[in-house]
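# Report on the structure
Residues per chain, in single letters:
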Amino acid sequence: MDGTNHHQIGLFDELLDQPINILPRDGCVNYYGQLINAHDTQYYFDTLMSSVEWRHDEAIIYGKHIITKRKVAWYGDEAFNYTYSNTTKSALSWTKELLALKSLVELETGERYNSCLLNLYHDGSEGMAWHSDAETALKKNGAIASLSFGAERKFAFKHKVSDEVVSLQLASGSLLVMKGVTQSHWLHRLPPTTTVSTPRVNLTFRTIVI
């Protein structure tokens, strides 16, 4: 053991009466449980897999051009440019399914979003390293709403000062919302795992400020 405090949040198999903030301090990460029923979750998973314009993600790290196994897509109200990892994407026009999901999330959270970054993880070998979503194009302290479809995966947060870790399992059809000062104080990641052999699609609805 490394002495770091770890807290594992239990899996909630249905929509919660009230979302719970899983962070002990310095931010707000509300978990809503499963927002979408099993039938509709399967429909959206299948449709997103086939209709989204997936591309391998790219990054320039220490001058080296990296192409990931993970695939991504970027959609929005207009052709927003979004730059991270020293690469820039231009947003595509919404599909009807993405608009429907955006409306559902906005109704549930009381927030408004103008863009969505989607990730496709083909299996448990693909994940995301510790990072914060703090790009200058994002609304400062704005909400980022994360919808999950497909394989259930562990998602973790680590405090930037104390190294305290909080993690939970994200069920298919579930909603997680990061907001407030969360990005200033916490890192988050999707750790790789050998126990998952099926794909996960993750939608992160965001607000770009022009």
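Structure first, text after, so check above.
### Things to note about the overall build of the protein
Each helix and strand in the protein was counted, giving three helices and 16 strands. On the principal axes, the C-alpha backbone points of the protein span a range of 45 × 45 × 35 Å. By residue count, 49% of the 210 residues in the protein fall in the buried class. When contacts within the protein are restricted to residue pairs at least 6 apart in sequence, long-range pairs at least 24 apart make up 71% of them.

### Remarks on the nonpolar core
Core analysis: the largest hydrophobic core is formed by 27 residues, its most contacted members being Leu48, Leu101, Leu118, Leu147, Phe149, Leu203 and Phe205. Residue assignment for this core shows that the elements contributing at least two residues are helix 1 (38-51), strand 5 (64-76), helix 2 (96-109), strand 9 (115-121), strand 11 (144-150), strand 14 (174-179) and strand 16 (200-206). Among all residues touching Leu48, those that are not within four sequence positions of it are Trp54, Leu98, Leu101, Leu118, Phe149, Val201 and Leu203. Membership of the second largest hydrophobic core comes to 26 residues, among which are Ala91, Phe155, Leu170 and Ile208.

### A short note on the pattern of salt bridges
Enumeration according to the criterion identifies six salt bridges in this entry. Glu164 is the salt-bridge partner of Arg25, the closest N and O atoms lying 3.0 Å from each other. Placement of the pair is Arg25 in the loop between strand 2 (20-21) and strand 3 (28-34) and Glu164 in the loop between strand 12 (153-159) and strand 13 (165-170), with a sequence separation of 139 residues. Under the relative-accessibility criterion, Arg25 is labelled partly exposed at 36%. For Asp57, the salt bridge identified is with Lys89, shortest N-O distance 2.9 Å. On the criterion of sequence distance, the pair formed by Asp57 in strand 4 (residues 55-61) and Lys89 in strand 7 (residues 87-90) is long-range, its members being 32 residues apart. Take Lys89: its relative accessible area is 15%, and that puts it in the buried class.

### Some details on the side chain of Glu126
Position of Glu126 relative to the elements: it lies in the loop between strand 9 and strand 10 (128-131). Of the side chains bearing the opposite charge, Lys69 lies closest to the buried Glu126, which forms no salt bridge; the N-O distance is 6.0 Å. Residue contacts for Glu126: discarding those within four places in its chain leaves Lys69, Arg70, Leu120, Tyr121, Arg153 and Leu190.

### Some thoughts on helix 1
When the terminal C-alpha atoms of helix 1 are compared, their 20 Å separation across 14 residues agrees well with the 20 Å that a helix rising 1.5 Å per residue should span. Listed as buried for helix 1 are Thr41, Tyr44, Phe45, Thr47 and Leu48. Buried residues in helix 1 make contact with helix 2, strand 9, strand 11 and strand 16. A distance of 3.2 Å separates the backbone nitrogen of His39 from a side-chain oxygen at the start of helix 1, and that oxygen is part of Asn37.

Cut-off values and rules
Chains are numbered independently. Their residues run from 1 in the order of the written sequence. It should be noted that, the model being predicted, local features are given only for residues of pLDDT at least 70 and side-chain atom pairs only at 80 or more, the latter also being counted only at that level, while totals for whole chains, interfaces and linings use all residues. Side-chain metrics in this entry use all non-hydrogen atoms of the structure; hydrogen atoms and water are not considered. In DSSP terms, a helix is any run of H or I states spanning at least four residues, a strand is any run of E spanning at least two, and both are numbered starting from the N terminus. Residue exposure (1.4 Å probe, protein chains only): buried if accessible area is under 20% of the type maximum, exposed if over 50%, otherwise partly exposed. Residues count as neighbours in contact if any of their non-hydrogen atoms are within 4.5 Å of one another. What is meant by a nonpolar core is a set of buried Ala, Val, Leu, Ile, Met, Phe, Trp, Tyr and Cys residues, joined one to another through side-chain atoms within 4.5 Å. Just to be clear on terms, a salt bridge is a Lys or Arg side-chain nitrogen sitting within 4 Å of an Asp or Glu carboxyl oxygen. When charges are counted, Lys and Arg are positive and Asp and Glu negative, with His and the chain ends excluded. By this rule the span expected of a helix is its residue count minus one, scaled by 1.5 Å. Here a polar contact means two N or O atoms within 3.5 Å. Within protein one must be a hydrogen donor candidate and the other an acceptor candidate, and residues neighboring in sequence count only if both atoms are side-chain atoms.

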